[in-house]
Amino acid sequence: MVGESSTRTVPVKLEMGESAADRLHQTIDHFLDAANHVVDVAWDPDWKITSKQKLHDQTYYDVRDDSPLPANLVQSARNRAAEAVKGCVERWRGGKKASKPHFTSRFVSYDARTVTVNDDHATLATIDGRVIAEFVLPDESRDTPHAAYLFNDDYEVKGATLHYDEVEVCFYLHVRTKPAVENDDTEEGDAKYVSVLGVDLGITNIATTSTGRFWSGGELNHWHREYEDRRGSLQQTGTRWAHVNVQRVGRKQTGRFEQMLHTISNELVEEALENECTHIVFEQLTGIRDRLPHAKAVHKWAFDRLVEYVTYKAESEGLVVKQINPAYTSQRCSKCGFTHENNRPHNNGQDEFECLKCGYDVHADYNAAKNIGLKYLRDQQKSGRGGAPVGVRLNSGMMNVNGEYSPTALSG
Ligand SMILES: [Zn+2]
């Protein structure tokens, strides 16, 4: 582990236009609101919650609903709140006094995903896209911390904190850098670490993750049925105008579906980021209409788009997207590994999985999503990638390649 001592923080004065400054101020307001809200939740009268995972579970969706902050900044605000509460608990343990933290000084914590530091400017995530902030650098360029750490290839930017200086009336960016050589140890360790979000695709639920999130296919199915009915009645009239109308209904439908699939793919990528996954794993789509007898062409089209959109968005976040051969992922018990076609009692409805061996009773899509994640990890192990710690993210912890479960994978 690299100690904090190797971190060098370099303050850089920023310069920007009025609209960029305005967006940063609004982002700070929302960041402080989010961090203070998480402290409120963490600060239970009887006990203090310091686990980032627990605080995530109890605050993430509320904050996302109420706040325009992008997902990564919601996560940063939660981390800052968790660290502040943890700091209080540690002070108490050391016999010192500490009162409930409240963030008032104007700042935003950025990580490598939300800030990009260039030679003469940085781009920063805000509530409304990124802003560009120019650096105001000292005229004398030698022997400055900027020359030593910021523009030195031996150092790497790990993140930054944006501060607003009320006295100078300007923004400062405190850029955190670490020696690149030492980074190799930690960064490579991180890169080898594989944590998978498994995604099952279906008709009732268009997507289900191994963390237990479901996206209903209801709207798609409803629109599709209406479209088919309308097309049927229009085609019966048989005129040229009817043909034009059919195309128009089709285009309108396509636009609505695409928009919905963009939203779902954004949320899938967010789900992976929030659970600190490195990979998103889908099943291969070849033959999916054979595996899902009720699937229509529109479902295959939607699955193709969804995988395409997620791949595109995930790559820009540094996540890897893979597809596995889905054989037996719906028949296998994700708890004990027992595989049998009757594990899924068809007479009890499609939604239920019940293991004939261990009795594990769970939503069938959730079971399949976990198996999809596990399948990828087992394939990796077979191809000689053992050794590295690997796991599938679950809604309340993490499962490793052997199916062993650890409930505290993210506590900290
Ligand atoms: Zn079982």
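Structure: see above.
Owing to the predicted nature of the structure, the values given are computational and were not obtained by experimental measurement.

The rules behind these values
- Along each chain, residue indices are assigned from 1 in the same order as the chain's sequence is written.
- Selection of residues for local features in this predicted model requires a pLDDT of at least 70, selection of side-chain atom pairs for listing and counting requires 80 or more, and totals for whole chains, interfaces and linings are taken over all residues.
- Remark: hydrogens and water are excluded; side-chain values derive from all non-hydrogen atoms of the structure.
- Two strands qualify as a pair provided DSSP detects at least 2 bridges between them.
- Helical segments are the DSSP runs of H or I of at least four residues, strand segments are the runs of E of at least two, and each set is numbered from the N terminus.
- All axes are obtained by fitting lines to C-alpha atoms, using only the stretch in contact for helices, and the reported angles, taken between N-to-C directions, cover 0 to 180 degrees.
- Here, residues are in contact when the closest pair of their heavy atoms is within 4.5 Å.
- A pairing counts as a salt bridge when a side-chain nitrogen of Lys or Arg comes within 4 Å of a carboxyl oxygen of Asp or Glu.
- Burial classes: relative accessible area under 20% of the type maximum marks a residue as buried, over 50% as exposed, and values in between as partly exposed (1.4 Å probe, protein chains only).
- The rule for donors is simple: an N, O or S atom within 2.8 Å of the metal counts, and for Na, K and Ca the reach is 3.2 Å. Water is not among the atoms, so a site may look short of donors.
- Four donors are marked tetrahedral only if all angles between them lie between 85 and 135 degrees, whereas four are marked square planar and six octahedral if opposite donors are more than 155 degrees apart and the other angles lie between 65 and 115; the remainder are marked irregular.
- Angles below 35 degrees are treated as roughly parallel, those above 145 as roughly antiparallel, those between 65 and 115 as roughly perpendicular, and all remaining angles as oblique.
- Take the far helix as the reference: if the near one is turned anticlockwise from it by less than a right angle, the crossing is left-handed, and if turned clockwise, right-handed.
- Charged residues are taken to be Asp, Glu, Lys and Arg, nonpolar residues to be Ala, Val, Leu, Ile, Met, Phe, Trp, Tyr, Cys and Pro, and polar residues to be all remaining types, Gly included.
- What a helix should span is 1.5 Å times the count of its residues minus one.

Ordered by their spatial adjacency, seven strands build an open sheet running S2-S6-S7-S1-S5-S4-S3, and the pairing between neighbours is antiparallel. A strand with exactly one partner marks an edge of an open sheet, and here the two such strands are strand S2 (107-111) and strand S3 (115-117). When strand polarity is set aside, the average angle formed by the axes of neighbouring strands in this sheet is 30°. Looking at chain direction, strand S6 (residues 155-165) and strand S7 (residues 170-179) are connected through 10 bridges and run antiparallel. Paired with Tyr164 across the bridge in S7 is Phe171. Set on the sheet, helix H1 (residues 18-42) makes contact with S2, strand S4 (121-126), strand S5 (129-136), S6 and S7; between it and S2 the angle comes to about 90°. In the packing of helix H3 (residues 71-93) onto the sheet, the strands contacted are S2 and S4, and the crossing angle to S2 comes to about 110°.

Right, let's talk about the pattern of salt bridges for a bit. Counted according to the given criterion, the structure contains 13 salt bridges. Two residues, Lys13 and Glu168, come together in a salt bridge whose shortest N-O distance is 3.4 Å. Of this pair, Lys13 sits in strand S1 (residues 8-15) while Glu168 sits in the loop between S6 and S7, and the two are 155 residues apart along the sequence. Under the relative-accessibility criterion, Lys13 is labelled partly exposed at 31%. Judged by its relative accessible area of 42%, Glu168 is partly exposed. Across the salt bridge formed by Arg213 and Glu271, the nearest N and O atoms sit 3.2 Å from each other. Of this pair, Arg213 sits in the loop between strand S9 (205-209) and strand S10 (214-216) while Glu271 sits in helix H7 (residues 240-274); the two residues are 58 residues apart in sequence, bridging distant segments of the chain. For Glu271, a relative accessible area of 5% translates into the label buried. One network of salt bridges, with partners in common, ties together Lys52, Arg80 and Glu83.

Glancing now at the coordination of the zinc ion. Distances from the zinc ion to its protein donors, Cys333 (SG), Cys336 (SG), Cys355 (SG) and Cys358 (SG), fall within 2.3 to 2.4 Å. Each of the four donor atoms bound to the zinc ion contributes to angles spanning 108 to 113°, and the resulting shape is tetrahedral. Along the chain, the residues donating to the zinc ion are arranged with the sequence spacing C-x2-C-x18-C-x2-C. A residue pair is termed long-range when its members are at least 10 positions apart, and Cys336 in the loop between strand S12 (320-324) and strand S13 (352-354) and Cys358 in the loop between S13 and strand S14 (361-363) qualify at 22 residues. Relative accessible area serves as the criterion here: at 39%, Cys358 is assigned to the partly exposed category.

What follows concerns the packing of H1 against H3. For the pair H1 and H3, the least separation of the axes is 8 Å and the interaxial angle reads 45°. Of the possible angle classes, the one that applies to H1 and H3 is oblique. Two packed elements cross with a definite hand, and for H1 against H3 that hand is right-handed. Contact with H1, carried on its side by Thr27, Phe31, Ala34, Ala35, Val38, Val39 and Ala42, involves Leu73, Ser76, Ala77, Arg78, Arg80, Ala81 and Val85 of H3 and no other residues of that element. Of the residues that constitute the contact of H1 with H3, the class distribution is 10 nonpolar, two polar and two charged.

Moving on, we come to the pairing of S4. Most of S4 sits inside the fold, with five of its six residues counted as buried. Relative to S4, S3 is paired through three bridges, and the arrangement is antiparallel. Its bridge partner lying in S4, Val117 is registered against Ala122. The antiparallel hairpin formed by S3 and S4 contains three residues in its connecting segment. Relative to S5, S4 runs antiparallel, the two sharing six bridges. When the bridges of S5 are listed, Ala122 appears paired with Ala133. The hairpin formed by S4 and S5 contains two residues between the paired strands.

Time to look at unusual backbone geometry. The phi angle at Val169 is positive, at roughly 55°, despite the residue not being glycine. Here Val169 is to be found in the loop between S6 and S7. Assessed through its relative accessible area of 55%, Val169 is described here as exposed. The backbone of Glu276 shows a phi angle near 55°, a positive value even though the residue is not glycine. Relative to the helices and strands, Glu276 resides in the loop between H7 and strand S11 (279-283). With relative accessibility at 35%, the residue Glu276 sits in the partly exposed group.

Before going further, it helps to spend a moment on the environment of Thr144. Structurally, Thr144 is set in the loop between S5 and helix H4 (145-150). Sequence separation between Thr144 and Val10 is 134 residues; the distance between their C-alpha atoms is 9.5 Å.

As a further point, take helix H10 (residues 364-382). With 19 residues, H10 should reach 27 Å at 1.5 Å per residue; the first-to-last C-alpha distance of 26 Å fits that figure. Most of H10 sits out of view: 15 of its 19 residues are buried.

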